[in-house]
Amino acid sequence: MTTPVRRSTTAAYHAQAVISFAISVLAMGVGIAYLSADAWIRAFLALGLLYVVTSAFTLAKVIRDRQDEVQVVSRVDQARLDKLLAEHDPFRVDTP
């Protein structure tokens, strides 16, 4: 059975993603805090930002789970095919 190539991200890529996320949320938070508007408008925008962040995490998890599910199914199919090919003998003659 062939083993699939494992794709892994580097530590620098992970750090860049985390830092980028932190900077974007921090910048939006500061922008909302210093917005020249009433407190209820700033609170509404802060709740909107929180909703966008949590839904982005949920979407990323759903996409990751779906990709993992597809990989597992393809591995099972590949294992079944490998077993059938290993058991098949093209030179075997069935005698009645």
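It should be emphasised that the depicted structure is a prediction, and the values quoted were computed from it without experimental measurement.

Draft legend 1. Layout of the packing of helix α1 (residues 11–33) against helix α2 (residues 39–87). Viewed as axis vectors pointing N to C, α1 and α2 meet at an angle of 165°, and their least axial separation amounts to 9 Å. Classified by the interaxial angle, the pair formed by α1 and α2 is roughly antiparallel. Crossing of α1 against α2: the hand is right-handed. Residues F21, V25, M28, G29, I32 and A33 of α1 lie in contact with α2, whose contacting residues are R42, L45, A46, L49, V53 and F57. Taken together, the residues that form the contact of α1 with α2 break down as 10 nonpolar, one polar and one charged.

Draft legend 2. Geometry of the environment of F44. Here F44 lies in helix α2. Spatially, the C-alpha atom of F44 lies 11 Å from that of A33, the residues being 11 residues apart in sequence.

Draft legend 3. Broad picture of the packing of aromatic side chains. Enumeration over the complete set of coordinates arrives at one aromatic pair. Here the aromatic rings of F21 and F57 are separated by 5.3 Å at their centres, their planes lie at 70°, and the arrangement is edge-to-face. Taken together, the residues F21 in helix α1 and F57 in helix α2 connect sequence positions 36 residues apart. Residue F57 is classed as exposed on the basis of its relative accessible area of 52%.

Draft legend 4. Broad picture of a nonpolar patch on the surface. A surface patch of nonpolar side chains, amounting to about 370 Å² of accessible area, comprises L26, V30 and Y34. Assignment of secondary structure puts Y34 in the loop between α1 and α2. Overall, Y34 belongs to the exposed group, its relative accessible area being 72%.

The rules behind the values
Residues numbered from 1 in each chain as written. Predicted model: local features only at pLDDT ≥ 70, side-chain atom pairs only at ≥ 80, totals over all residues. Heavy atoms only, no water. Axes fitted to C-alpha atoms, helices over the stretch in contact; angles between N-to-C directions. Helix = DSSP H or I, 4+ residues; strand = E, 2+ residues; numbered from the N terminus. Parallel < 35°, antiparallel > 145°, perpendicular 65-115°, else oblique. Left-handed = near helix turned anticlockwise from the far one by under 90°. Contact = heavy atoms within 4.5 Å. Nonpolar A, V, L, I, M, F, W, Y, C, P; charged D, E, K, R; others polar. Phe/Tyr/Trp six-rings, centres within 6.5 Å; stacked < 30°, edge-to-face > 60°. Buried < 20%, exposed > 50% of the residue type's maximum accessible area, 1.4 Å probe, protein only. Patch = residues over 30% accessible without salt bridge, like charges linked within 9 Å, V, L, I, M, F, W, Y side chains within 5 Å. Areas by Shrake-Rupley, 256 points an atom, 1.4 Å probe, with all protein chains shown as cover. Salt bridge = Lys/Arg side-chain N within 4 Å of Asp/Glu carboxyl O.

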